[in-house]
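# Residue-level structure breakdown
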Amino acid sequence: MSSPSNIESSRTARSLAAALVSDPFYRTVTVACGGDEAARLAMLEAYFALALAEGWQAGRVDLADDAGHGAAIWTTDTPAALRQAAYAQRETALRALLGELGFAHFTAIVANMEHALAPHGLQDAWYLSIAGIAPTAQGQGLGASVLAPGLAAVDAARAACFLETYNERSLPFYARLGFVAAGRYAEAVTGCDYWLMVRAPRAA
């Protein structure tokens, strides 16, 4: 899929913000917003705009529909140098967006998750880094359909893939798509548990 227009990208970022605003990770990295939920949504919209741009540049992005009701963002088998350059570009922008404490939380949580991930041997696996559907569009099958193209690409590559989720209620949904819970971890910065889910390689 070609890169979306600025309008599509903005709508999609807004939908992801609305979908994920209650997630412990995103609440913790937007600590600068305090109790101002409108400010938090605006900050997350900017956060997801950066994530979408990184995904288009060095990964894979699938949109839920033409109305921008959500997206799935993947880290793929793109060459490491390209991924690292795109990540470094986003990291600079995130430091300015999140503020000193929010960015410190971001880097600490990422480091904790990478430490927990290391023993699983998933260095060459695809990573479903972000997936969300706007609350107003949930219950229409968009969650499964937005993941289908990426999973088909994973299967075509004969690759494993994984995700991390703080939402225990999402585990059955991901299980239906072939993911298996590979670990439950207490994350110190958020103060919450999250699950690592892995999908083994399979024939396309």
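This is a predicted model, so every value here is computed, not measured. (Residues numbered from 1 in each chain as written. Predicted model: local features only at pLDDT ≥ 70, side-chain atom pairs only at ≥ 80, totals over all residues. Heavy atoms only, no water.)

What follows deals with the environment of glutamate 100. Residue position: glutamate 100 is located in helix α4 (residues 80-117). Looking at glutamate 100, the relative accessible area reads 76%, which means it is exposed. On a C-alpha basis, the gap between glutamate 100 and valine 29 in space is 10.0 Å, while along the polypeptide they are 71 residues apart. (Helix = DSSP H or I, 4+ residues; strand = E, 2+ residues; numbered from the N terminus. Buried < 20%, exposed > 50% of the residue type's maximum accessible area, 1.4 Å probe, protein only.)

With that settled, the discussion passes to the packing of helix α3 (residues 37-58) against α4. Following both chains from N to C, one finds α3 and α4 inclined at 165 degrees, their axes separated by 8 Å at the closest point. In terms of axis orientation, α3 runs roughly antiparallel to α4. In this structure, α3 meets α4 at a crossing whose hand is left-handed. Across from Met43, Ala46, Tyr47, Leu50, Ala51, Glu54, Gln57 and Ala58 in α3, the residues of α4 making contact are Leu82, Arg83, Ala86, Tyr87, Gln89, Arg90, Ala93, Leu94, Leu97, Leu98 and Phe106. Classifying every residue of the contact of α3 with α4 by side-chain character gives 14 nonpolar, two polar and three charged. (Axes fitted to C-alpha atoms, helices over the stretch in contact; angles between N-to-C directions. Parallel < 35°, antiparallel > 145°, perpendicular 65-115°, else oblique. Left-handed = near helix turned anticlockwise from the far one by under 90°. Contact = heavy atoms within 4.5 Å. Nonpolar A, V, L, I, M, F, W, Y, C, P; charged D, E, K, R; others polar.)

Turning to its location among the elements, methionine 197 is positioned in strand β6 (residues 192-199). Sequence separation between methionine 197 and arginine 184 is 13 residues, and the spatial gap between their C-alpha atoms is 9.1 Å. In this view, methionine 197 contacts Cys161, Phe162, Leu163, Leu171, Tyr174, Ala175, Phe179, Val180, Ala181 and Ala182; residues no more than four positions away in its chain are not counted.

Any pair of aromatic rings gets described here by the distance separating the centres and the angle formed by the planes. Tallying each qualifying case throughout the model produces 13 aromatic pairs. Ring geometry for tyrosine 47 and phenylalanine 48: centres 5.3 Å apart, planes at 80 degrees, overall edge-to-face. On the accessibility criterion, phenylalanine 48 (0% relative accessible area) is buried. Ring centres 4.7 Å apart and planes at 15 degrees place the aromatic pair tyrosine 127 and phenylalanine 162 in the stacked group. (Phe/Tyr/Trp six-rings, centres within 6.5 Å; stacked < 30°, edge-to-face > 60°.)

On to the nonpolar core, then. In terms of nonpolar packing, the biggest core is built from 29 residues, with Phe25, Tyr26, Tyr47, Phe48, Leu98, Phe106 and Ile130 touching the most fellow members. Residue contributions to this core peak at seven residues, all from α4. Apart from residues lying up to four places away in sequence, phenylalanine 106 is in contact with Phe25, Val29, Tyr47, Tyr87, Arg90, Leu94 and Leu98. In terms of nonpolar packing, the next biggest core, distinct from the first, is built from 22 residues, Ala64, Leu142, Ala153 and Leu171 among them. (Core = buried A, V, L, I, M, F, W, Y, C linked by side-chain atoms within 4.5 Å.)

In spatial order, the strands read β1-β2-β3-β4-β6-β5; together these six strands make up an open sheet with mixed pairing. Each of the sheet's edge strands pairs with one partner strand only, and the pair in question is β1 (60-63) and β5 (180-187). Direction aside, neighbouring strands of the sheet carry axes that sit 25 degrees apart on average. Relative to β6, strand β4 (residues 161-165) is paired through five bridges, and the arrangement is antiparallel. (Pairing = 2+ DSSP bridges.)

Our focus in this paragraph is the pattern of salt bridges. Per the counting criterion, the structure on display carries seven salt bridges. Residue glutamate 37 is joined to arginine 27 by a salt bridge in which the shortest nitrogen-to-oxygen separation is 2.8 Å. Of this pair, glutamate 37 sits in helix α3 while arginine 27 sits in helix α2 (residues 24-29), and the two are 10 residues apart along the sequence. Residues arginine 60 and aspartate 62 are paired through a salt bridge, measuring 2.8 Å at the closest nitrogen-oxygen approach. (Salt bridge = Lys/Arg side-chain N within 4 Å of Asp/Glu carboxyl O.)

Let us now look at the pairing of strand β3 (residues 126-133). Direction of pairing for strand β2 (residues 70-75) relative to β3: antiparallel, over a ladder of six bridges. Note on β3: the bridge partner recorded for tryptophan 74 is leucine 128. When β3 meets β4, the two strands line up parallel, connected through two bridges. Directly across from tryptophan 126, in β4, lies its bridge partner cysteine 161. Handedness of the crossover joining β3 and β4 through helix α5 (residues 142-156) is recorded here as right-handed. (Right-handed = clockwise from strand over helix to strand, strands pointing away.)

Here we come to α3. The terminal C-alpha atoms of α3, which comprises 22 residues, lie 31 Å apart, in line with the 32 Å expected from a rise of 1.5 Å per residue. Within the span of α3, buried status applies to Arg40, Met43, Leu44, Tyr47, Phe48, Ala51, Leu52, Glu54, Gly55 and Ala58. Sitting at the head of α3, aspartate 36 places a side-chain oxygen 3.2 Å from the backbone nitrogen of alanine 38. (Expected span 1.5 Å × (residues − 1). Polar contact = N/O pair within 3.5 Å; in protein donor to acceptor, adjacent residues only side chain to side chain.)

Shape is all these values report; function is a separate question.
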